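One letter stands for each residue in the lines below.
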Amino acid sequence: MSSFESLGIRAEILRALSDLGFEKPTPVQERTIPTLLTGKGDMAALAQTGTGKTAAFGIPLLERIDTAVHQVQALVLAPTRELCVQISKDLENFAAHLPGIKVVAVYGGASIRDQVRGIQRGANVVVATPGRLIDLLERGAVDLGQVHTAVLDEADEMLNMGFQEDLTTILERTPPTKRTWLFSATMSPEVRRIAKGYMNEAEEVSLGGGNKANEAIQHRYAVVMARDRFLALKRFVDAEPGMFAIVFCRTKQETQELAEALTRDGYNADAIHGDLSQQQRDRVMARYRGKNLQLLVATDVAARGIDVSNVSHVIHFDLPGEVESYTHRSGRTGRAGKTGISLSIIGVRDVFKVRSLERQLKVHFAYVRVPDAAEICERQLLTLIGKIKQVEVDHEAIERFMDAVNLDLADLSREELIKRVVSLEFNRFLKQYRNARDLNVDLASKDRKGKTAAPARVEGERRDPIPRPAGTMRSMFINLGTKDGFDKGRMLGYLCGISGLDGSHFGRILLKEAFSFIDIESSVFDQVMGQFKAANYKGRRIRVDEGEGGGNTGARDFRADKKRFNKARRQ
Ligand code: AMP
């Protein structure tokens, strides 16, 4: 493997790479950097996320910037705001010793005025999501007439998200002589069409080829009844105390509900999805990056571009519809030379999806069993013992208490003492898993012929596995909704502000234009209702009422409540 020096990179950037601890180029960097530095043409590179592709295009892009020119010379387009922020940070890091490089990230959900100001202050590199950049173009706030390098990052995902028209509009505003570099994890016919349409005889670079998954990732699957997926997820987490995972769901609602259900059961989890404000997303991501959060529950879109090192597991609570999404999800682990596990917890009826992924990705999915009680308890016990062995003891500080402690414990034998210390933490698991049943579905016995594809419907199978806090919640109607400027995040903030409680007391929030329903823990329900009855919103009297259905703001309850609301309004 070559060194960064041998790729022809200038000294200032080499210094920055060394500051970042990059010792050797990754294969994609080795393959693309020399061509992008010296060549003149376009490039379409097939590269997985996590392979170092940001530096692969970022370094040559920075080398091409004339810092004396205070105009946008390079444009990077990426599908999500998270990825935009990540790329611009990476570029700033690579340019740490290159004075005069000014990178501005442009994406929705943040102040457009600040972004315009950033551009007007002489940005020479813009990293943007297509939607927000179109906004800026329409306002005449950005001029792309001097762009000599355009990068389309995660092109496949931009197309999946419906940005094709926006891409055309944006690229039409750039000079035809520019160089275009396209990076994509998959080379679908749509991506190929884009490469043909927007680029001139692009050189195609493929690392690993096709829809091939990253080899640093082990693919595993466990089969349970669909309704047992939540229990199975908890068992996998309990069996792996060092787990640091992203759990994928298909919908925003499921993502939110799963994170809430995990939190209720004592797990350190939070959700990231498109219904959260940018600020809320940033907060969740900061906790996750700082490893203060063990389980990040995410939708596909929200997790795009998340670059967090050491993600040990990607867990598919729901398998995605497309193979590309599976590849992107899995690519959140096994990054930068590390290994990772991509685990699918599937209902029996989804086994055929695993087979199909195996065929398309040409990788083997290893069948694993959901850990049983004995296994979980053993692993927890060993971890606890490891912690006891490794804990740092401040001998000096503890010394003066030791006489009293020894006196108090004098009656206990060494053996008894150890048992008690261990039980302090271990009891929870013993209790939880006493009489725990086996969650695994034995596929062979379901289909005597040994075929596992598309098993018949299993009696009693219900697909929705996430437990709702039935009975523990009551529903409150409030005459404030989206037309008053509320989204779920704002409503939660407002609820916390008026009630003085933290967010954990509130459950699902169902927002409508003129009113909303909020699930509130029964123990604080009357208190919250009382506080809201006395409250005003922007000078308007607030009306609250108890919704029907005893919490669990589901569709049926909502219809009943809406009827009641309309009736009340007519009266
Ligand atoms: P990317 O595919 O650009 O998102 O990069 C994935 C991760 O690999 C990021 O955390 C980078 O900081 C890291 N990385 C990129 N190139 C290198 C390298 N040559 N050596 C070590 N780490 C790298």
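It should be emphasised that the depicted structure is a prediction, and the values quoted were computed from it without experimental measurement.

**Side note on the site of the ligand**
For the ligand, the set of nearby residues contains 14 residues, the closest of which are Lys24, Gln29, Gly52, Thr54 and Arg335. The contact in question runs from a nitrogen atom of the ligand to an N or O atom on the backbone of Lys24, over 2.8 Å. In isolation the ligand offers 500 Å² of accessible surface; the protein chains occlude 80% of this area. The residue makeup of the shell around the ligand, split by class, is 4 nonpolar, 6 polar and 4 charged.

**Observations concerning the side chain of Ser499**
One can find Ser499 in helix 20 (residues 488-499). Classification of Ser499 as buried rests on a relative accessible area of 7%.

**Digging into the packing of aromatic side chains**
For the structure on display, the rule yields 12 aromatic pairs. For the ring pair Tyr494 and Phe532, a centre distance of 5.8 Å and an interplane angle of 70° mean the geometry is edge-to-face. Here Tyr494 is found in helix 20, whereas its partner Phe532 is found in helix 21 (residues 522-533), with 38 residues between them in sequence. Of the two residues, Tyr494 and Phe532, both sit in the buried class. Plain terms: the ring middles of Phe515 and Phe517 are 5.9 Å apart, the flat faces sit at 80° to each other, and that makes the pair edge-to-face. Of the two residues, Phe515 and Phe517, both sit in the buried class. Its end group placed over the ring of Phe317, Arg229 keeps NZ or CZ at 4.9 Å from the ring centre.

**Re the nonpolar core**
Core analysis: the biggest nonpolar cluster contains 39 residues, and Ile9 and Leu62 have the highest contact counts within it. Once you skip the residues sitting within four places of it in the chain, Ile9 turns out to touch Phe4, Leu14, Leu17, Ile33, Leu37, Ile59 and Glu63. If you look at the next biggest cluster of nonpolar residues, it comprises 38 residues, including Ala222, Ala232, Ala259 and Ile315.

**Observations concerning unusual backbone geometry**
We note that Glu201 has phi near 40°; this positive angle belongs to a residue other than glycine. Mapping Glu201 onto the fold places it in the loop between helix 9 (189-198) and strand 7 (203-206). You can call Glu201 exposed: its relative accessible area is 82%. In this model, Asn310 sits at a positive phi of 70°, which is unusual for a non-glycine residue. Mapped onto the secondary structure, Asn310 falls in the loop between helix 13 (300-303) and strand 12 (313-316).

**Concerning helix 2 (residues 27-38)**
The periodicity of an α-helix, 3.6 residues per turn, causes residues three or four places apart in sequence to face the same way. Every buried residue of helix 2 is accounted for by Val28, Gln29, Thr32, Ile33 and Leu36. Along the axis of helix 2, the buried residues cluster in a sector spanning 110°; they form a single face. Packed against the buried residues of helix 2 are strand 1 (43-46), helix 3 (53-63), strand 6 (179-184) and strand 7.

**Looking at the sheet that holds strand 8 (residues 217-224)**
Read from one edge to the other, the open sheet built from 7 strands follows the order 10-11-9-12-13-8-14, with strand pairing classed as parallel. Lying at the two open borders of the sheet, with one neighbouring strand each, are strand 10 (269-272) and strand 14 (365-367). On average, each strand axis in the sheet is inclined to that of its neighbour by 25°, with strand direction left out of account. Examined bridge by bridge, strand 9 (residues 245-248) and strand 12 share 4 bridges and lie parallel to one another. Residue pairing in the sheet places Ala245 in a bridge with His313 of strand 12. Each of strand 9, strand 10 and strand 11 (295-298) is contacted by helix 12 (residues 278-289), which is oriented at about 135° to strand 10, the strand it contacts most.

**Quick look at the sheet that holds strand 1**
The sheet built from 7 strands is open, its strands ordered 3-4-2-5-6-1-7 with parallel pairing. Two strands close off the open sheet at either side, each with one partner strand: strand 3 (103-106) and strand 7. Strand-to-strand twist in this sheet, taken as the mean axis angle between neighbours without regard to direction, amounts to 15°. In terms of strand pairing, strand 3 meets strand 4 (residues 125-128) through 4 bridges, oriented parallel. In the sheet register, Val106 faces strand 4, and the bridge partner there is Ala128. Across the sheet, helix 6 (residues 130-138) is in contact with strand 2 (74-77), strand 3 and strand 4; its angle to strand 3 comes to roughly 105°. Sheet strands in contact with helix 9 are strand 5 (149-152), strand 6 and strand 7, and its direction is about 175° off that of strand 6.

Reading the values: the criteria
- Residues numbered from 1 in each chain as written.
- Predicted model: local features only at pLDDT ≥ 70, side-chain atom pairs only at ≥ 80, totals over all residues.
- Heavy atoms only, no water.
- Near = heavy atom within 4 Å.
- Polar contact = N/O pair within 3.5 Å; in protein donor to acceptor, adjacent residues only side chain to side chain.
- Areas by Shrake-Rupley, 256 points an atom, 1.4 Å probe, with all protein chains shown as cover.
- Nonpolar A, V, L, I, M, F, W, Y, C, P; charged D, E, K, R; others polar.
- Helix = DSSP H or I, 4+ residues; strand = E, 2+ residues; numbered from the N terminus.
- Buried < 20%, exposed > 50% of the residue type's maximum accessible area, 1.4 Å probe, protein only.
- Phe/Tyr/Trp six-rings, centres within 6.5 Å; stacked < 30°, edge-to-face > 60°.
- Lys NZ or Arg CZ within 6 Å of the ring centre and 35° of its normal.
- Core = buried A, V, L, I, M, F, W, Y, C linked by side-chain atoms within 4.5 Å.
- Contact = heavy atoms within 4.5 Å.
- Arc of directions from axis to C-beta.
- Pairing = 2+ DSSP bridges.
- Axes fitted to C-alpha atoms, helices over the stretch in contact; angles between N-to-C directions.

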